Amino acid sequence: MALLFISNDEVEKIINGLQEKQAKSSFKNSKSSTKNSGALVRTKDLHSKSQGPIEPPSGMQLVRKQNYEPPKPEWHAPWKLSKVLAGHMGWVRSLAVEPGNKWFASGSVDRTIKIWDLASGTLKLTLTGHISPVRGLEVSSRHPYLFSCGEDKMVKCWDLEQNKVVRHYHGHLSGIYTLSLHPILDVLVTAGRDATARVWDIRTKQAIHVLTGHKATIAAVKCQEADPQVITGSMDSTVRLWDLAAGKTMATLTHHKKSVRALALHPTQFGFLSASADNIKQFRFPKGDFVQNFPNHNSIINAASVNSDNVAFSGADNGSMRFWDWTTGHCFQELDSQNMPGSLDSESGIFASTFDKTGLRLITGEADKSIKIYKEDENATPETHPINWKPTLKSRNY
Amino acid sequence: MSALSQILPEPKYSSKKDSPPIQSSKIETTALVSIDTNKRNIPSYGNRKNWIPTTLEDFGDGGAYPEILVGQYPIRMGLKKTKKGQVLSKQVDSQGNVKYDSIARFGHSEDRIVQSQFKELIPLRERIDVKDGNIIHLRPQQEDIIETAQKTREALEKKINGKLAASKPRSRQTEVESGATFIKYTPSSSATGLTAQTSQRVIRMSEMPVDPMEPPKFRHKRVPNAPPSPPAPVMHSPPRPVTVEEQKEWVIPPCISNWKNAKGYTIPLDKRLAADGRGLQEVKINDNFAKLSEALLAAERHAREEVRQRSLLQQNLAHKEKESKEEHLRQLAQRAREQRAGVNVHEVNNGSNLDTAHAISNNIDYSSSDTENKSKKDSRSDNDDNEKERTRREIREDKKRELKRELRMSNMGAEAKAKYISRMENRDISEKIALGLAKPSNPTGDSMFDTRLLHRNEAAAANLNDDESYNVYDKPLLQGSNANANYRPRAMDTDDIDPDIAESVSKSLTNDRFGFGFNPESSSKYDSKENRKSKNNAVRQEPIEFEKGDVFGVDKFLNEAKMGLKRTRNTEERSPKRHRD
């Protein structure tokens with residue numbers, strides 16, 4: 001490919017030079033002569049091709065558009081920090097917003113689940129019961145239940161009318177790192193360090209399926225109402241789409257090079273993001289076609305979220321945050337999380353993130369034991385904050 | 001068909017022809033499989049020489065022919081399953097390209113999505129076969145969602161029910177499915193061994209009863225994991241080789257304890273210091289500290305200045321006050337001195353020193369003449385005059401003495417005079433006494449001395465005696481309130497007692513015979529008071545009464561001794577001392 005970019009004149013010069021050389025040199029060394037002639041043949045070949053307009057090889061024709069113009073990204077208001085909630089005694093590793101958007105829950109390494117008022121940011125309740133860090137939280141939209149899972153291999157179902165644990169789902173062999181509720185069925189999916197995702201019937205506490213196939217810790221699980229109904233991202237750097245009815249893998253996406261630690265489904269569009277240390281990649285359902293990369297967030301991404309305004313968020317282990325345009329993959333804002341006073345620099349890290357139900361607030365759980373709430377800058381306009389977008393026609397390697 | 005059969009010659013070997021007519025009626029009566037389909041005529045038992053079962057049909061419903069020594073696999077029982085071929089046939093797509101992805105698909109079901117082509121690495125928008133527009137579609141419609149949900153729910157419910165049933169005890173399972181069914185069975189007319197008896201039957205189908213206590217028939221073996229599904233094609237470029245720098249970045253030096261170093265690593269001093277973490281903490285001092293100390297300094301300076309000014313002012317005031325007071329005192333002293341010295345007080349009031357001196361001299365003259373007059377005027381003398389005369393005389397004598405002293409003083413030598421003056425300095429408190437300012441040195445009035453030291457015999461009585469002497473009763477046994485807890489007869493309260501006797505009793509009581517240390521004068525008062533006070537302590541209201549009794553049996557003994565009787569043990573009685581409150 002690189003050779004194609006040399007202009008025709010240059011190529012001709014080179015070829016001429018080579019021919020002269022060849023004419024001068026007697027056939028002393030058979031090896032060198034064959035080498036030279038080989039080169040000649042190749043260049044000649046190229047030469048003959050480059051006489052007309054450059055055409056990609058026939059196989060490539062399927063692949064690359066000739067006159068591809070990247071689309072212009074949509075303008076989004078920049079986000080800014082609006083509130084910092086302190087109260088946890090450890091890293092905040094999981095967040096979940098209630099369907100009514102009145103409150104949200106946070107699970108922490110201090111083994112507690114705290115429930116906060118979303119509007120005022122006041123602490124409403126602390127739930128204790130886990131004996132290890134709480135890694136996953138979800139509030140059901142059809143029951144008065146809160147589900148939590150932790151590194152203590154326990155999945156708990158909290159009744160929010162009594163604030164008590166009413167069910168346990170027993171079966172995981174190791175720490176559970178993530179959990180997701182099915183939006184329609186009474187089904188709960190948990191996954192963790194034992195490289196399996198388990199599908200639980202909420203009512204009977206039976207493990208319906210054990211989704212095996214991953215070779216390493218599963219770091220993220222998402223459920224959705226349409227096929228594929230379960231998506232898992234794992235530390236073996238693959239993403240799997242699962243057929244929930246059969247309990248089998250529908251597709252394995254091996255596009256990532258590093259472990260996939262976060263997944264984010266778009267609330268209205270039929271696609272998702274998978275975040276890894278090498279790239280954030282966008283896929284579309286139902287087949288899991290690769291759509292595009294969200295490049296250059298070069299750190300371990302722990303959290304990703306998308307809201308219905310096509311704003312995607314990624315938060316990393318070193319506290320760096322990026323805000324992306326969902327459709328084009330343009331990064332419109334880079335932020336670094338501000339540490340709480342008194343915490344070390346090394347304690348800036350984002351472990352969990354979620355947009356609230358309106359998509360107007362972003363909640364992040366951080367390594368400095370705080371929960372931060374971000375919102376859009378109301379005063380920003382496209383004039384005050386123009387899009388810094390520089391499309392390139394540079395050819396990319398895939 | 002019939003035409004064709006007519007044309008064709010007769011078959012040479014026909015199984016039908018060979019087979020003898022059906023004779024045996026011993027065919028099992030409960031054969032459920034209809035023999036309708038069995039077109040082949042199988043020779044009956046005993047006639048099977050030179051006959052080999054070749055097709056599946058020959059085995060009918062699954063019985064073998066043990067007398068025929070040929071490998072038999074009725075209904076494929078016992079046949080080894082042949083593995084599917086590992087060789088894939090080359091497939092070509094509609095454009096003539098070889099479908100290499102069939103390799104990746106191998107082993108997967110049809111609906112499995114396998115991404116295997118290079119184009120699947122290209123972002124969708126840049127692909128030629130993808131139209132522009134919305135690359136990612138909206139989420140599926142409600143109907144589709146409901147449909148998929150329904151399907152999934154059914155599948156999951158099936159699975160859950162199976163699991164729940166498995167978790168139930170077996171007896172419960174059999175109870176549920178104990179219903180029997182009846183089947184009316186009519187064998188086909190062409191079936192072998194058909195008799196009138198076996199023409200039509202009713203069969204009852206029911207579950208075999210299972211012994212709930214029966215041990216499991218099969219040993220549960222741990223099923224080894226199924227082989228993993230074939231790997232998916234890797235859709236990313238191979239990882240780049242690690243550069244030396246990157247490798248160096250990941251080198252973590254060995255941890256060396258500060259206390260043990262078995263391998264004898266040497267640690268550079270700077271590294272040791274760095275590891276110490278001392279350099280990591282940078283000391284940050286808030287600006288407010290500086291501000292605070294500055295403010296404190298300023299405030300202190302200000303306060304000091306203020307205090308100084310105030311003290312200066314106070315000093316001035318005090319000085320003034322002192323001066324005025326001194327002036328006042330001087331005037332008062334002057335007045336007092338004049339009052340004492342002079343006769344005419346009123347004269348003194350407005351007189352100066354000179355005037356007073358003059359008045360004094362006048363007085364002297366007058367008094368001297370007065371003494372002469374006094375002798376003359378005796379008749380007129382009354383009390384008042386006498387008094388006046390007396391005072392005057394006194395004053396006169398005083399003056400005389402004063403004058404004498406002054407004379408003496410004037411005659412004194414310079415040395416003696418100085419001595420005298422120095423002695424008299426600060427000794428003259430007459431002014432102060434006159435003003436009532438002089439105070440005794442001991443303001444409380446108590447003497448500074450231990451009075452016991454002043455009187456020898458008292459000292460001896462007090463505790464000052466030496467330690468060697470053994471004085472057991474140096475203090476009374478009962479003192480203060482303890483002493484009053486004892487019963488004392490109260491004669492005052494009793495009416496019937498003769499007053500004389502009562503008086504004598506009270507007197508004797510008040511007499512501190514044993515030196516208990518209470519004041520005899522205050523005893524009556526004390527009595528009543530203490531009684532009131534000691535009611536709490538359950539003061540004895542009457543004397544302790546003792547019953548008369550022969551405690552030690554002395555009297556009795558004596559009596560007996562007198563009577564000359566022998567003492568018996570049985571009669572011996574002891575009356576214990578009874579103590580009544």
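Residues numbered from 1 in each chain as written. Chains lettered and ligands numbered in written order. Predicted model: local features only at pLDDT ≥ 70, side-chain atom pairs only at ≥ 80, totals over all residues. Heavy atoms only, no water.

> Sorry if this is basic, but what is going on with the overall build of chain A here?
For chain A, the helix and strand inventory stands at two helices and 28 strands. In chain A, which comprises 398 residues, the proportion classed as buried is 54%. For chain A, contacts bridging at least 24 residues in sequence account for 46% of all contacts bridging at least 6. (Helix = DSSP H or I, 4+ residues; strand = E, 2+ residues; numbered from the N terminus. Buried < 20%, exposed > 50% of the residue type's maximum accessible area, 1.4 Å probe, protein only. Contact = heavy atoms within 4.5 Å.)

> Can you help me understand the overall build of chain B in this one?
Each helix and strand in chain B was counted, giving 18 helices and two strands. Looking at chain B as a whole, 14% of its 581 residues are labelled buried. For chain B, contacts bridging at least 24 residues in sequence account for 37% of all contacts bridging at least 6. A total of about 51200 Å² of accessible surface is found on chain B, and carbon and sulfur atoms cover 54% of it. (Areas by Shrake-Rupley, 256 points an atom, 1.4 Å probe, with all protein chains shown as cover.)

> Even after reading the chapter, I still don't get unusual backbone geometry, so can you show me in this structure?
All names here are of chain A. With omega at -5°, the peptide bond leading from aspartate 227 into proline 228 counts as cis. Looking at the element boundaries, proline 228 is found in the loop between strand S14 (218-223) and strand S15 (230-234). Phenylalanine 285 connects to proline 286 through a cis peptide bond whose omega is 0°. Residue position: proline 286 is located in the loop between strand S20 (280-284) and strand S21 (289-294). Even without glycine at this site, alanine 195 takes up a positive phi of about 65°. Locating alanine 195 in the fold gives a position in the loop between strand S11 (187-192) and strand S12 (197-201). Take alanine 195: its relative accessible area is 13%, and that puts it in the buried class. Despite not being glycine, lysine 205 shows a phi value in the positive range, around 65°. Tracing the backbone through its elements, the reader meets lysine 205 in the loop between S12 and strand S13 (207-211). You can call lysine 205 partly exposed: its relative accessible area is 40%.

> Got a minute to help me understand the side chain of arginine 48 of chain B in this structure?
Residue and element names in this part refer to chain B. With respect to the helices and strands, arginine 48 occurs in the loop between helix H2 (15-18) and helix H3 (101-105). Under the relative-accessibility criterion, arginine 48 is labelled buried at 19%. In this structure the side chain of arginine 48 is engaged in a polar contact, spanning 2.7 Å, whose partner is the backbone oxygen of proline 43. Leaving out residues up to four positions away in the same chain, arginine 48 has contacts with Ile42, Pro43, Tyr65, Glu67 and Ile68. (Polar contact = N/O pair within 3.5 Å; in protein donor to acceptor, adjacent residues only side chain to side chain.)

> Would you take a moment to explain the UniProt feature "coiled-coil region" (unreviewed entry) in chain B for this structure?
Sites flagged by UniProt as "coiled-coil region" (unreviewed entry) map to residues 139-166 of chain B. With 89% helix and 0% strand, the stretch residues 139-166 of chain B has end C-alpha atoms that lie 38 Å from each other. (UniProt positions renumbered as here; feature names shortened; annotations may be inferred.)

> Please clarify how the interface of chain B and chain A should be interpreted in this entry.
Where the parts come together, the accessible area they lose is often given as the size of the interface. Counting residues at the interface gives 42 residues for chain B, matched by 55 residues for chain A. Buried area between chain B and chain A, both sides added, is near 4700 Å², and the carbon and sulfur share of it is 58%. Looking at the side of chain B facing chain A, the largest losses of area belong to Arg125, Glu126 and Arg139 of chain B, adding up to 18% of the total buried there. At the boundary of chain B and chain A, one finds one salt bridge. (Buried area = accessible area lost by both parts, 1.4 Å probe. Salt bridge = Lys/Arg side-chain N within 4 Å of Asp/Glu carboxyl O.)

> Looking at this structure, how should I read the sheet that holds strand S6 (residues 134-139) of chain A?
Each strand in a sheet pairs with another by means of backbone hydrogen bonds, the pair being arranged parallel or else antiparallel. All names here are of chain A. What the four strands build is an open sheet, ordered S6-S7-S8-S9; its pairing is antiparallel. Strands at the two margins of the open sheet, each flanked by one partner only, are S6 and strand S9 (164-169). Each neighbouring strand pair of the sheet contributes to a mean axis angle of 25°, computed without reference to strand direction. (Pairing = 2+ DSSP bridges. Axes fitted to C-alpha atoms, helices over the stretch in contact; angles between N-to-C directions.)

> Help me out: how do you make sense of the sheet that holds S20 of chain A in this one?
Residues and elements named next belong to chain A. Across the sheet, which stays open at both edges, the four strands sit in the order S18-S19-S20-S21 with antiparallel pairing between neighbours. Every interior strand has two partners, whereas the edge strands, strand S18 (260-265) and S21, have only one. Between one strand axis and the next, the sheet turns through 25° on average, direction left out of account.

> Would you explain the confidence of the model for chain A in this entry?
A low pLDDT means the predicted coordinates there should not be read in detail. All names here are of chain A. Averaged over every residue, the pLDDT of chain A is 86; the share at 70 or more is 82%. Here residues 1-8 is modelled with pLDDT under 50, and outside its nearest four sequence neighbours on either side it reaches four contacts, counting other chains as well. In the predicted structure, residues 14-60 sits below a pLDDT of 50 and forms 14 contacts with residues beyond four places in sequence or in another chain. (pLDDT = per-residue confidence, 0-100.)

> What should I look at first to understand a nonpolar patch on the surface in this one?
A contiguous nonpolar surface patch, about 520 Å² in accessible area, is contributed by Val551, Phe552, Val554, Phe557 and Leu558 of chain B. In this structure, phenylalanine 552 of chain B sits in the loop between helix H17 (523-533) and helix H18 (554-563). (Patch = residues over 30% accessible without salt bridge, like charges linked within 9 Å, V, L, I, M, F, W, Y side chains within 5 Å.)

> Is there a simple way to think about the pattern of salt bridges in this case?
Once the charged atoms of two side chains with opposite charge are near each other, the side chains can pair. Residues and elements named next belong to chain B. What the rule picks out here adds up to 23 salt bridges over all chains. Measuring nitrogen to oxygen at the nearest pair gives 3.6 Å for the salt bridge that ties lysine 119 to aspartate 129. Placement of the pair is lysine 119 in the loop between H3 and helix H4 (142-167) and aspartate 129 in the loop between H3 and H4, with a sequence separation of 10 residues. Overall, aspartate 129 belongs to the partly exposed group, its relative accessible area being 37%.

> Could you clarify how one ought to interpret the packing of aromatic side chains in this entry?
The description of an aromatic ring pair uses the distance of the two centres, along with the angle that the planes make with each other. All names here are of chain A. Following the criterion strictly, the structure yields 15 aromatic pairs over all chains and no others. One aromatic cluster is present, built from ring pairs that chain together Trp79, Phe313, Phe323, Phe332 and Phe355. The ring of phenylalanine 351 is capped by arginine 93, whose NZ or CZ atom sits 4.2 Å from the centre of that ring. The ring centre of tyrosine 177 lies 4.1 Å from the NZ or CZ of arginine 135, which sits over that ring. (Phe/Tyr/Trp six-rings, centres within 6.5 Å; stacked < 30°, edge-to-face > 60°. Lys NZ or Arg CZ within 6 Å of the ring centre and 35° of its normal.)

> Just to check I follow, could you spell out a positive patch on the surface for this structure?
Residues and elements named next belong to chain B. A surface patch of like charges, here positive, comprises Lys400, Lys404, Arg405 and Arg408. Structurally, arginine 405 can be placed in helix H11 (residues 383-411). Taking relative accessible area as the criterion, arginine 405 reaches 35% and is therefore assigned partly exposed. (Lys, Arg positive; Asp, Glu negative; His and termini not counted. Charge placed at Lys NZ, Arg CZ, Asp CG, Glu CD.)

> Can you walk me through the pairing of S11 of chain A in this structure?
Looking along a regular strand, one sees side chains alternate from face to face of the sheet. All names here are of chain A. Extensive coverage of S11 is indicated by the burial of six of its six residues. Residue alternation in S11 divides its side chains into two sets, Val187, Val189 and Ala191 and Leu188, Thr190 and Gly192, and both sets are buried. Pairing geometry for strand S10 (residues 176-181) and S11, over five bridges, is antiparallel. Its bridge partner lying in S11, isoleucine 176 is registered against glycine 192.

> I would appreciate a short explanation of the pairing of strand S4 (residues 112-117) of chain A in the present structure.
Residues and elements named next belong to chain A. Counting buried positions along S4 yields six of six residues, so the element is predominantly enclosed. Neither face of S4 is open: one carries Thr112, Lys114 and Trp116, the other Ile113, Ile115 and Asp117, and all of them are buried. Two strands pair when backbone bridges link them, and strand S3 (residues 103-108) and S4 are joined in this way by five bridges, in the antiparallel orientation. Within S4, the position partnered with serine 106 by the bridge is lysine 114. As consecutive antiparallel partners, S3 and S4 are separated by three residues, and within that stretch arginine 111 has a phi angle of approximately 75°, a positive value. The sheet contact formed by S4 and strand S5 (residues 123-128) spans five bridges and is antiparallel. Looking at the pairing, isoleucine 113 lines up with leucine 127 of S5. The hairpin formed by S4 and S5 contains five residues between the paired strands, and glycine 121 there has a positive phi angle of roughly 80°.

> For this particular structure, what's the right way to read the side chain of histidine 130 of chain A?
All names here are of chain A. Mapped onto the fold, histidine 130 is located in the loop between S5 and S6. Reaching out from histidine 130, the side chain makes a polar contact with the side chain of serine 148 at a distance of 2.7 Å. For histidine 130, the side chain forms a polar contact with the side chain of aspartate 152, separated by 3.1 Å. Excluding anything up to four places from it in sequence, histidine 130 contacts Arg111, Ile113, Ser148, Cys149, Gly150, Asp152, Met154 and Lys156.

> When you look at the environment of tryptophan 242 of chain A in this model, what are you seeing that I'm missing?
All names here are of chain A. When you line up the elements, tryptophan 242 lands in strand S16 (residues 239-243). The class for tryptophan 242 is buried, based on a relative accessible area of 0%. Distance in space between the C-alpha atoms of tryptophan 242 and valine 230 is 5.1 Å, their sequence separation being 12 residues.

> Please explain the confidence of the model for chain B as it appears in this structure.
All names here are of chain B. Chain-level statistics for chain B give a pLDDT mean of 74 and a share of 66% at 70 or above. Put simply, H17 is where chain B has its lowest mean pLDDT, 45, and helix H8 (residues 287-341) is where it has its highest, 94. This model gives residues 518-536 a pLDDT under 50, and the stretch forms 14 contacts once residues within four places in sequence are excluded. Contacts from residues 570-581, a stretch scored under 50 in pLDDT, to residues over four places away or in other chains number 12 contacts. At the level of chain-chain contacts, confidence expressed as ipTM amounts to 0.81, with global pTM at 0.55.

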